[in-house]
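These are the residues of each chain, in order.
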Amino acid sequence: MGFLDALFGRRKQIQPNLDDWFALPSAALELQAATGFTPTGRGAVCFTGVEGGQFARLKQEIRELLDTDTAQGGEPVEYSQDRYGYTWLQVEQPPDDLPALVNDLHTINSMLQDHGWGPQLLCSLVGFTGPEESDEAGRPLGLVYLYKRGTFYPFAPREADHRDNALELRVQGALEHELPLEADLGRWYPLWNSPALSGP
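A brief look at the structure comes next.

Conventions and cut-offs
Residues numbered from 1 in each chain as written. Predicted model: local features only at pLDDT ≥ 70, side-chain atom pairs only at ≥ 80, totals over all residues. Heavy atoms only, no water. Helix = DSSP H or I, 4+ residues; strand = E, 2+ residues; numbered from the N terminus. Buried < 20%, exposed > 50% of the residue type's maximum accessible area, 1.4 Å probe, protein only. Contact = heavy atoms within 4.5 Å. Arc of directions from axis to C-beta. Polar contact = N/O pair within 3.5 Å; in protein donor to acceptor, adjacent residues only side chain to side chain. 1 Å grid on protein atoms, 1.4 Å probe; cavity = no way out; pocket = protein on both sides within 12 Å on 5 of 7 lines; lining within 4 Å. Points joined across faces, edges and corners; volume = space filled by probe spheres on them. Core = buried A, V, L, I, M, F, W, Y, C linked by side-chain atoms within 4.5 Å.

Let us now look at the overall build of the protein. What the protein contains, in helices and strands, is five helices and eight strands. The helix and strand sequence of the protein, counted from the amino end, reads α-α-β-α-β-β-α-β-β-β-β-β-α. Counting every position in the protein, which comprises 200 residues, the buried fraction comes to 44%. In the protein, the proportion of contacts linking residues at least 24 apart, taken out of those at least 6 apart, comes to 68%.

Spelled out as structure tokens, the structure:
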């Protein structure tokens, strides 16, 4: 960081290390052992809306690349827009194939970054669900990757736009040696509108 950056309180943007994604399957095993939560097979990437023919072609390229997995059990890529105007790109794989889902999400992030849309990337999320025959059965949990911070954090939504802070802290404790976690809890943003956390 340069002198003027320090003087005016500016910080260099942390460069994301997308290869951190590949630690997620082993981290998921630790998460399951500590909390019982298991992957749902759903994930999503969130970015600010971008218009234009070039971006439309890139979206089609991503769809065509990832939809080739459909014959192997994956689901087609789906685009949606939430009530705040953010675009979500959702992908799905069998719940027991988290490495395939991680690979899809890594591919999407890499393609957007390589085509110059990195500044539009906000976050990515992988969905988990609570253990059967427990008080948390069917409860949603997301592991969120903040693109501009290069860190992960847990998000545990509850009914009526409330979140389960106790569960989030349990997940933090379980994964503190597995993933680069976001230390600033003020940046653990709620993602109420993520399609990867809605529905069975």
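This part covers the pairing of strand β6 (residues 151-155). A large share of β6 lies buried, amounting to five of its five residues. Here β6 shows no split at all, with Thr151, Tyr153 and Phe155 on one side and Phe152 and Pro154 on the other all buried.

Once that is clear, we can look at helix α5 (residues 165-175). Among the residues of α5, those classed as buried are Leu167, Glu168, Val171, Ala174 and Leu175. Angularly, the buried residues of α5 cover 120° about the axis, an arc narrow enough to put them on a single face. Of the surrounding elements, those touching the buried residues of α5 are α2 (24-35), β5 (140-146), β6 and β8 (162-163). A side-chain oxygen of the first residue of α5 lies 3.2 Å from the backbone nitrogen of Ala166; this N-cap is Asp164.

Here Tyr84 is to be found in the loop between β2 (75-81) and β3 (86-92). On the accessibility criterion, Tyr84 (53% relative accessible area) is exposed. It is 8.9 Å that separates the C-alpha atoms of Tyr84 and Asn193, two residues lying 109 residues apart in sequence. In terms of polar contacts, Tyr84 uses its side chain to reach the side chain of Arg83, at 3.3 Å.

Below, the discussion takes up the layout of surface pockets. Rolled over the atoms, a probe with the dimensions of a water molecule shows which regions are left empty. The volume enclosed by the largest pocket comes to roughly 320 Å³. Of all the secondary structure elements, the ones that give two or more residues to the lining of the largest pocket are β3 and β4 (121-129).

Before going further, it helps to examine the nonpolar core. Ranked by size, the top nonpolar core spans 39 residues in total, and within it Trp21, Ile62 and Leu112 carry the most contacts. A total of seven residues in this core trace back to one element, the largest contributor, which is helix α4 (residues 98-114). Apart from the residues lying within four places of it in its own chain, the contact partners of Leu112 are Val45, Phe47, Phe55, Leu58, Ile62, Trp117, Gly118 and Leu121. In this structure, Trp88, Leu125, Leu146 and Leu197 belong to the second largest nonpolar core, which totals 13 residues.

With that out of the way, let us pick up unusual backbone geometry. Phi angles above zero are rare outside glycine, and Glu133 is one such case at about 55°. Looking at the element boundaries, Glu133 is found in the loop between β4 and β5.

Looking now at the environment of Gly118. Structurally, Gly118 can be placed in the loop between α4 and β4. In this structure Gly118 comes out as buried when scored by relative accessible area, which is 10%. When the C-alpha positions of Gly118 and Tyr147 are compared, they lie 8.4 Å apart, and in sequence the two are 29 residues distant. With residues near it in sequence (within four places) discarded, Gly118 still touches Leu112, Gln113, Tyr147 and Lys148.

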